[in-house]
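Here is what each chain is made of, one letter per residue.
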Number of protein chains: 2
Amino acid sequence: MTEPFGERLARVFSRRGRLCVGIDPHASLLEEWGLPDSAAGAREFGLRVVDAAAGGAGIVKPQIAFFERHGSAGYAALEQVLEAARAAELLVIADAKRGDLGTSVDAYGEAWLTPGSPLEADAMTAVAYQGLGSLDGVLERAERFGKGVFVLAATSNPEGLPTQAAIRADGRTVAAGVVADVAERNRASGSGASGSRSSGGGATASFGVVVGATVVLAELGLDRASFAGMPVLAPGFGYQGARGAELRELLSAAAQNVVVSASRSILADGPRGLGAAIDEHAREVAACLV
Amino acid sequence: MTEPFGERLARVFSRRGRLCVGIDPHASLLEEWGLPDSAAGAREFGLRVVDAAAGGAGIVKPQIAFFERHGSAGYAALEQVLEAARAAELLVIADAKRGDLGTSVDAYGEAWLTPGSPLEADAMTAVAYQGLGSLDGVLERAERFGKGVFVLAATSNPEGLPTQAAIRADGRTVAAGVVADVAERNRASGSGASGSRSSGGGATASFGVVVGATVVLAELGLDRASFAGMPVLAPGFGYQGARGAELRELLSAAAQNVVVSASRSILADGPRGLGAAIDEHAREVAACLV
């Protein structure tokens, strides 16, 4: 039987920690690294991050937009980076933020979560503007193949607040509604046909949410109970002042299930400083958990 | 100076009508068409739709998910389809539903809305779960290059309602908030540095919204005034019973600016019936406007 994503994630946590290293081949970073602003540059950048991450972290998160910039050649580069990450036994979260309806959203799930697909990852990020139910095809595929899905819930940018703090008919904010819907989905799948206890109960579930590292949870009607058992992908560590104190609220709320993602603060140190930056971040994340 | 997207769209409307033909190389459609379920099949499918659309419509809308399914090879196929559509002088709306923050969302804009990019389209669809402000980089790029952006506002699937009908602090529903924010952005750009009256005032603006053809506007606090001057992309014509009567509400509300998109109901007739199906749909759409 395929091992659920949540179990694999929990194992990575205990063996290699919570740090997730972003793979963001942004034009200005490529320049700082002395690489061309091209698909080949993005590939080289990605391969170097994978190499360095394999030494000091267990999870990587390629930002798909920075590959899509280069069209099909960028996707071919991404395929090689994904292959290298699999070979290095890193857990890969494709930061694609896809969302749509029906057969269209199914096709996104097929691209990212199907074993053998050229873009295969261990998990993907998704957007549920059309409701968590609109992602059903993706969630079902994820269960079948032991993959994970992180649904965008609460982000740290101020322009996101009017939407994410809007009140649904059930009294929840939109952000808290996403979290509650994902929790409900995890419970359903824990008792469902797949029979995997770890998708639902006390262990780490396979469906989680994205919550910005600096989000003030109370502003969005979120608290510690909201995230029980659910993996939380928290981008923004080491950026916008999320290091240390601010991250602690989220770490405390989401207990043992936060994936702490850092991109710019690691990548800005350049290719030579990469290993040291990853080690330093990994130590800092571990210290936050004490 | 680059001609704004809204002006180009208005010209297509008056010369070739409102019908937008979806390019959805779904696995089951590829099979029905006798094409392989591969990137080559998707390319062939797309090229045939472009050919047929050039005869009877002015706008095409490739659904990106069905190309992404095939990884980089699928994107290479899409690039050829986009090139053929440009050569046929069709207006192309890339149905990508991208959304993110900062440099990531900028990179999506770069991919789809930059002249000379391998994935260049005339407009793209976007998602503003993180607020319309999160799309600023995309909107600015669109203005600079005369491109359009359609932001997902209201969709016809029932699971979308809890989020889209949630009430923001300003009293608007999330869906009506997106529409109001886009209208405000069109006004700002009409009076702004770009100086193009057509981005704002009475003519067709360059930023619009996606509203499902069967959406009940009042349920989401939307009415005729909401859409003044703004292009509205309405997918779902000819599907889920949106033909005729139900579309009239939207057509009446959005006056002369609705892009009526049909996919399955045209494509299901197979490659041989394509030209006739497009003509029939074009006539039906024109009749709705009387």
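Residues numbered from 1 in each chain as written. Chains lettered and ligands numbered in written order. Predicted model: local features only at pLDDT ≥ 70, side-chain atom pairs only at ≥ 80, totals over all residues.

Here we take up the sheet that holds strand E5 (residues 148–154) of chain A. Residues and elements named next belong to chain A. Strands sit in the order E1-E2-E3-E4-E5-E6-E7-E8 around a closed barrel of eight strands; the barrel is parallel. The average angle at which neighbouring strand axes cross in this sheet is 30 degrees, direction not considered. The sheet contact formed by strand E1 (residues 19–23) and strand E8 (residues 258–262) spans three bridges and is parallel. Directly across from Leu19, in E8, lies its bridge partner Val260. Set on the sheet, helix H1 (residues 5–16) makes contact with strand E2 (59–62), strand E3 (91–98), strand E4 (123–126) and E5; between it and E3 the angle comes to about 125 degrees. (Pairing = 2+ DSSP bridges. Helix = DSSP H or I, 4+ residues; strand = E, 2+ residues; numbered from the N terminus. Axes fitted to C-alpha atoms, helices over the stretch in contact; angles between N-to-C directions. Contact = placed C-beta atoms within 7 Å.)

This brings us to the relation of the copies chain B and chain A. Each copy of the sequence occupies a distinct position, and chain B is placed on chain A by a rotation of 180 degrees and an axial shift of 0.0 Å, giving an RMSD of 0.0 Å. Classification of the inter-copy transformation places it as that of a two-fold axis. With an isologous cut-off of 70% or more, the 98% of interface residues of chain B that recur at the interface of chain A puts this contact in the isologous class. (Least-squares fit on C-alpha atoms with pLDDT ≥ 70 in both.)

Moving on to the sheet that holds strand E8 (residues 258–262) of chain B. All names here are of chain B. The parallel closed barrel is built from eight strands, whose spatial order is E1-E2-E3-E4-E5-E6-E7-E8. Neighbour to neighbour, the strand axes of the sheet diverge by 30 degrees on average, direction disregarded. Note: strand E4 (residues 123–126) against strand E5 (residues 148–154), four bridges, orientation parallel. Residue pairing for E5: Thr125 is matched across the bridge by Phe150. Its contacts with the sheet place helix H9 (residues 174–190) against E5 and strand E6 (207–211), and it is angled at close to 165 degrees to E6.

Residues and elements named next belong to chain A. Model confidence for chain A is summarised by a mean pLDDT of 91, while 91% of its residues fall at 70 or above. When the criterion is pLDDT under 50, residues 191–202 qualifies, and its contacts beyond four places in sequence or with other chains add up to 28 contacts. Quick note on the complex model: pTM equals 0.95, ipTM equals 0.94. (pLDDT = per-residue confidence, 0-100.)

Another point: the nonpolar core. The tendency in soluble globular proteins is for nonpolar side chains to be buried as a group. In terms of nonpolar packing, the biggest core is built from 200 residues, with Val60, Val151 and Val209 of chain A together with Val60, Val151 and Val209 of chain B touching the most fellow members. Not counting the four nearest positions on each side in its chain, Val60 of chain B is found in contact with Cys20, Val21, Ile23, Val49, Val50, Ala53, Ala85, Leu90 and Val92 of chain B. (Core = buried A, V, L, I, M, F, W, Y, C linked by C-beta atoms within 7 Å. Buried ≥ 20, exposed ≤ 12 C-beta atoms within 10 Å, placed from the backbone.)

Glancing now at H1 of chain A. Residues and elements named next belong to chain A. Here H1 contains 12 residues, and its C-alpha end-to-end distance of 16 Å stays within 8% of the 16 Å for a straight helix at 1.5 Å per residue. The complete set of buried residues in H1 reads Phe5, Gly6, Arg8, Leu9, Val12 and Phe13. Seen from one end, H1 has its buried residues packed into an arc of 160 degrees, which puts them on one side. Exposed side chains of H1 directed beyond 90 degrees from the buried face belong to Ser14 and Arg15. Those residues of H1 that are buried lie in contact with E2, E3, E4, helix H7 (136–145) and E5. (Expected span 1.5 Å × (residues − 1). Arc of directions from axis to C-beta.)

Looking now at the interface of chain B and chain A. Every contact between the two is made by 47 residues of chain B and, on the other side, 46 residues of chain A. Every element with two or more residues in the side of chain B that touches chain A is listed here: helix H4 (65–68), helix H5 (71–87), helix H6 (102–113), helix H8 (161–164) and H9 of chain B. The element contributing the most residues to the side of chain B that touches chain A is H6 of chain B, with seven residues.

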